[in-house]
Amino acid sequence: VCSSDLMTRIFPPLGLLLVLTAGALAYFIYFGQWFPPTMAVHFNAAGFADGWADRIKFIVIGSSVSFMLPPFMVALLGVLPRIIPVSMLNLPNKDYWFTPERRDEGYRRVMVLALWFGCVLQAFLLGLWILIGQANAAPQPHLTGHWFLLIGLLGGLALHLSMARRSLARPE
């Protein structure tokens, strides 16, 4: 695989992950100034607040999670397969993609999939921060739209699994 083909496959998820991460950090930088001093940060299934934190803690923890968790997961999912024995991998058609002659291409495909997973995770986190911020704009914080966010996460994960099966299918 030539390097331009590799960049063509890696650039879209990497670029999107960077944009989503920048969006999450920009959200905290810009909107954080208008958050109330004490914020509802945990909500029950009905959307009622049942956990609180001060604004600074929410901003620091939320921005830290957005800045570190998706890249950590990408590194874990994209790099760990290069470190552990192939026999420990649980991937479709690993006997095809991780033979010595195809191993580099298998690792590339796994890295691209890891980047797309990072995008799904970061989009979910950004949506969560926005919903929490909106809930705290009301005098009595109440989280709405969280079920749609959860459905979006599950849909994104289903799409990601479908991509993984297609990407790691044996060529015909």
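Our subject is the structure listed above.
Presented here is an overview of the structure given in this document. The structure displayed is predicted, hence computed values, not measured ones.

1. A word on the packing of helix α4 (residues 103–135) against helix α5 (residues 146–167)
For the pair α4 and α5, the least separation of the axes is 10 Å and the interaxial angle reads 175°. Here α4 lies roughly antiparallel to α5, going by the angle between them. Each of R109, L113, W116, F117, V120, F124, G127, L128 and L131 in α4 lies in contact with α5, whose residues at this interface are H146, L149, L153, G156, L157, H160, M163, A164 and S167.

2. As for the packing of helix α2 (residues 55–83) against α4
Working note: a packed helix pair is described by the angle between its axes plus the distance between those axes. Two numbers describe how α2 lies on α4: the axes approach to 8 Å, and their chain directions differ by 165°. Regarding the angle of α2 to α4, the classification is roughly antiparallel. In this structure, the crossing between α2 and α4 has a hand that is right-handed. Across the contact of α2 with α4, the residue classes break down as 19 nonpolar, 5 polar and 2 charged.

3. Comments concerning the pattern of salt bridges
Scanning the model with the defined rule gives 5 salt bridges in all. Linking E105 and R9 is a salt bridge whose minimum nitrogen-to-oxygen distance equals 2.9 Å. Of this pair, E105 sits in helix α4 while R9 sits in helix α1 (residues 3–31); the two residues are 96 residues apart in sequence, bridging distant segments of the chain. Given a relative accessible area of 12%, E105 falls into the buried group. For R9, a relative accessible area of 23% translates into the label partly exposed. Ionic pairing is found between E105 and R108, a salt bridge with its closest N-O pair at 3.5 Å. Within this pair, E105 and its partner R108 are both found in helix α4, separated by 3 residues, close to a single helical turn. Judged by its relative accessible area of 18%, R108 is buried. Linked by salt bridges that have partners in common, R9, E105, R108 and R109 make up one network.

4. Comments concerning the layout of surface pockets
Left-over empty space is what a probe sized like a water molecule reveals as it rolls over the atoms. Estimates place the volume of the largest pocket at around 420 Å³. Forming the walls of the largest pocket are 19 residues, and the residues nearest its centre are L77, N90, L91, V110 and H160. Looking at the lining of the largest pocket, the elements with two or more residues in it are α2, α4 and α5. Looking at side-chain class alone, the lining of the largest pocket contains 16 nonpolar, 2 polar and 1 charged residues. Taken together, 18 residues line the second largest pocket, and the ones lying closest to its centre are V41, F43, L128, I132 and L143. Elements with a contribution of two residues or more to the lining of the second largest pocket: β1 (38–43), α2, α4 and α5.

5. Quick notes on unusual backbone geometry
For N93, which is not glycine, the phi torsion reads 55° and is therefore positive. Structurally, the position occupied by N93 is in the loop between α2 and α3 (94–97). What makes N93 partly exposed here is its relative accessible area of 25%.

So, how was this worked out
- Residues numbered from 1 in each chain as written.
- Predicted model: local features only at pLDDT ≥ 70, side-chain atom pairs only at ≥ 80, totals over all residues.
- Heavy atoms only, no water.
- Axes fitted to C-alpha atoms, helices over the stretch in contact; angles between N-to-C directions.
- Helix = DSSP H or I, 4+ residues; strand = E, 2+ residues; numbered from the N terminus.
- Parallel < 35°, antiparallel > 145°, perpendicular 65-115°, else oblique.
- Contact = heavy atoms within 4.5 Å.
- Left-handed = near helix turned anticlockwise from the far one by under 90°.
- Nonpolar A, V, L, I, M, F, W, Y, C, P; charged D, E, K, R; others polar.
- Salt bridge = Lys/Arg side-chain N within 4 Å of Asp/Glu carboxyl O.
- Buried < 20%, exposed > 50% of the residue type's maximum accessible area, 1.4 Å probe, protein only.
- 1 Å grid on protein atoms, 1.4 Å probe; cavity = no way out; pocket = protein on both sides within 12 Å on 5 of 7 lines; lining within 4 Å.
- Points joined across faces, edges and corners; volume = space filled by probe spheres on them.

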